[in-house]
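So you can see what is in the structure, the chains are spelled out below.
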Amino acid sequence: MIVDVITIFPEMFSGPMSTSIVGSARERGLLELRLHDLRDHTSDRHRTTDDYPYGGGPGMVMKPEPLVDAIRAVRDLEPDEAPVAVLTPSGRTFDQEFARSLGSLDRLILVCGRYEGIDERVFAHADMTISIGDYVLTGGELPAMVVIDAVARLLPGVLGDEASSEDESFSEGLLEYPQYTRPAIYDGISVPDVLLSGNHAAIAAYRREEAIRKTARVRPDLIESARLTDDERRLACDARKEIDRD
Ligand code: SAM
C-alpha cells in the first residue's frame, strides 16, 4: 500500500514511522510512505501556507491554493485514482472498521491541517474526512500517524502471526480478553488455571467469556452491536448487573 502525506512538518514522521512494525513494513516494501512538504506548493518568497480568517477571530487558517495544488500534484503521481482524506476533528471518527476499509486500498492520500484549521473550500477536493477522536490536537500529523499505524498492522504480511490482528480488541466487536505471560504467579496473583491446561477448546471458551465480560463492564455501548449468542448476551447482562450492584 502507498500512503502519501501532505504536511508542513514532514520531519515529524521520521521516528514513529521508522520504528518497530511500521518501520519494518516499510523496509519490507509492504507499506510505502511518501511525505510531501506543503511549502513546495506555495508561490511566494516566504512559502506561506496560512492567512487571517475572514470574519475575524483568533489564529490563522490554511490557505486553499497550496493545499489544492498539492492534492492535485500528489494525485497525479500515479495513474490510478487514490482517495484523499483530510484529518480534522469534525471528520468521521476513526475506528477499527474504518482502519480495515482503508487497509483494503492500494493507495491513500492524507492531508494534515495546522493552525485553526483548513479553508472550507479544500474539502471539496477530499473524498473523506477523518477524526481520531473528540479532542483537538495542534496538527494533523499525529492523527495521520495514528491512521497509518492502525492501517499498516492490518496489511497482509505486516504482523508476524497473521492471526494476531484478527484476535484483538474490536475485531469481533468486543474488547480483547485479558493476557498473561510468565511468571505463573506474580505479586501473589496466579494466572488462571485454564491457560496452563493446554486444553485449546477450554482456553478459547474462557477467552471468549472474558472478552464478553470485560466489554460489558467497560464498554457496554459495544456490547449492543456485538455478535453474541443468547447465552453470551445473558453473560454480558450478568456482568453488567455486577457492576451496577458494586
Ligand atoms: N479549529 C479546528 C476545530 O475546532 O475543529 C481545530 C484545528 S486543529 C488546532 C489543527 C489541525 O489539527 C486540524 O486542521 C486537523 O488537521 C488536526 N487535528 C486536530 N485534532 C484532530 C483530531 N481529533 N482528528 C483529526 N485531526 C485533528
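Owing to the predicted nature of the structure, the values given are computational and were not obtained by experimental measurement.

S.K.: In this structure, what is going on with the domain arrangement of the protein chain? I would like to understand it.
M.R.: How large an interface is tends to be reported as the accessible area lost when its parts come together. The assigned domain composition of the protein chain is domain 1 (2–152) and domain 2 (167–245). On a C-alpha basis, the centres of domain 1 and domain 2 stand 37 Å from each other.

S.K.: Help me understand the environment of Glu 209 in this model?
M.R.: Looking at the secondary structure, you find Glu 209 in helix α5 (residues 200–218). Glu 209 sits 26 residues away from Pro 183 along the chain, and the two C-alpha atoms are 23 Å apart.

S.K.: I'm lost on the site of the ligand in this one. Help?
M.R.: For the ligand, the set of nearby residues contains 19 residues, the closest of which are Leu 87, Gly 113, Glu 116, Tyr 135 and Leu 137. Tyr 135 places a polar main-chain atom, nitrogen or oxygen, 2.8 Å from a nitrogen atom of the ligand. Gly 139 has a polar backbone atom sitting 3.4 Å from an oxygen atom of the ligand. A total of 590 Å² of accessible area belongs to the ligand in isolation, and the protein chains cover 84% of it. Counting atoms within 2 Å of the grid points, the majority share of the ligand lands in the largest pocket. Looking at which element gives the most residues to the shell around the ligand, the answer is strand β5 (residues 84–93), with 3 residues. Of the residues assigned to the shell around the ligand, the class counts are 9 nonpolar, 8 polar and 2 charged.

S.K.: Help me understand α5, please; the structure alone is not making it clear to me.
M.R.: A turn of α-helix holds 3.6 residues, and therefore any two residues three or four places apart point the same way. Look at α5: 27 Å from first C-alpha to last across 19 residues, which is about the 27 Å you get at 1.5 Å a residue. By the burial criterion, the buried members of α5 are Ile 203, Tyr 206, Glu 210, Ala 211, Ile 212, Thr 215 and Ala 216. Capping of α5 at its N-terminal end is provided by Asn 199; its side-chain oxygen lies 3.2 Å from the backbone amide nitrogen of Ala 201.

S.K.: Explain the side chain of His 36 to me, please; I cannot follow it from the model alone.
M.R.: Within the secondary structure, His 36 sits in strand β2 (residues 32–37). By relative accessible area, His 36 is classed as buried at 15%. In terms of polar contacts, His 36 uses its side chain to reach the side chain of Asp 4, at 2.7 Å. When neighbours within four sequence positions are excluded, His 36 is seen to be in contact with Asp 4, Val 5, Ile 6, Thr 7, Val 74 and Leu 77.

S.K.: I would appreciate a short explanation of a nonpolar patch on the surface in the present structure.
M.R.: Taken together, the side chains of Tyr 135, Leu 137 and Leu 142 make up a nonpolar region of the molecular surface, amounting to roughly 290 Å² of accessible area. Owing to a relative accessible area of 37%, Leu 137 belongs among the partly exposed residues under this scheme.

S.K.: Help me understand the layout of surface pockets in this model?
M.R.: The gaps left among the atoms become clear once a water-sized probe is rolled over them. The volume enclosed by the largest pocket comes to roughly 420 Å³. Lining the largest pocket are 24 residues, and of these Leu 87, Thr 88, Pro 89, Glu 116 and Gly 117 sit closest to its centre. Residue assignment for the lining of the largest pocket shows that the elements contributing at least two residues are β5 and β7 (128–131). Broken down by element, the lining of the largest pocket gets its largest block of residues, 4 residues, from β5. Grouping the amino acids of the lining of the largest pocket by side-chain chemistry returns 11 nonpolar, 9 polar and 4 charged. The computed volume of the second largest pocket comes to approximately 280 Å³. Counting only elements with at least two residues in the lining of the second largest pocket, the list comes to α3 (96–103) and α6 (220–225). Class assignment of the residues belonging to the lining of the second largest pocket gives a composition of 3 nonpolar, 4 polar and 5 charged.

S.K.: Help me understand unusual backbone geometry, please; the structure alone is not making it clear to me.
M.R.: The phi torsion of most residues other than glycine is negative, and most of the peptide bonds are trans. Geometrically, the link from Arg 182 to Pro 183 is a cis peptide bond, its omega value of 5° lying close to zero. Summarising the element assignment, Pro 183 is placed in the loop between α4 (141–152) and β8 (185–186). The phi torsion at Ser 20 lies on the positive side, around 55°, for a residue other than glycine. By the element assignment, Ser 20 lies in helix α1 (residues 20–27). On the basis of relative accessible area, Ser 20 is assigned to the exposed category, the value being 58%. Although it is not a glycine, Asp 187 adopts a positive phi angle of roughly 55°. Inspection of the secondary structure assignment puts Asp 187 in the loop between β8 and β9 (189–190). The exposed category is assigned to Asp 187, whose relative accessible area is 67%.

Rules used throughout
Residues numbered from 1 in each chain as written. Predicted model: local features only at pLDDT ≥ 70, side-chain atom pairs only at ≥ 80, totals over all residues. Heavy atoms only, no water. Domains from an automatic or database assignment. Helix = DSSP H or I, 4+ residues; strand = E, 2+ residues; numbered from the N terminus. Near = heavy atom within 4 Å. Polar contact = N/O pair within 3.5 Å; in protein donor to acceptor, adjacent residues only side chain to side chain. Areas by Shrake-Rupley, 256 points an atom, 1.4 Å probe, with all protein chains shown as cover. 1 Å grid on protein atoms, 1.4 Å probe; cavity = no way out; pocket = protein on both sides within 12 Å on 5 of 7 lines; lining within 4 Å. Sits in = over half its atoms within 2 Å of the grid points. Nonpolar A, V, L, I, M, F, W, Y, C, P; charged D, E, K, R; others polar. Expected span 1.5 Å × (residues − 1). Buried < 20%, exposed > 50% of the residue type's maximum accessible area, 1.4 Å probe, protein only. Contact = heavy atoms within 4.5 Å. Patch = residues over 30% accessible without salt bridge, like charges linked within 9 Å, V, L, I, M, F, W, Y side chains within 5 Å. Salt bridge = Lys/Arg side-chain N within 4 Å of Asp/Glu carboxyl O. Points joined across faces, edges and corners; volume = space filled by probe spheres on them.

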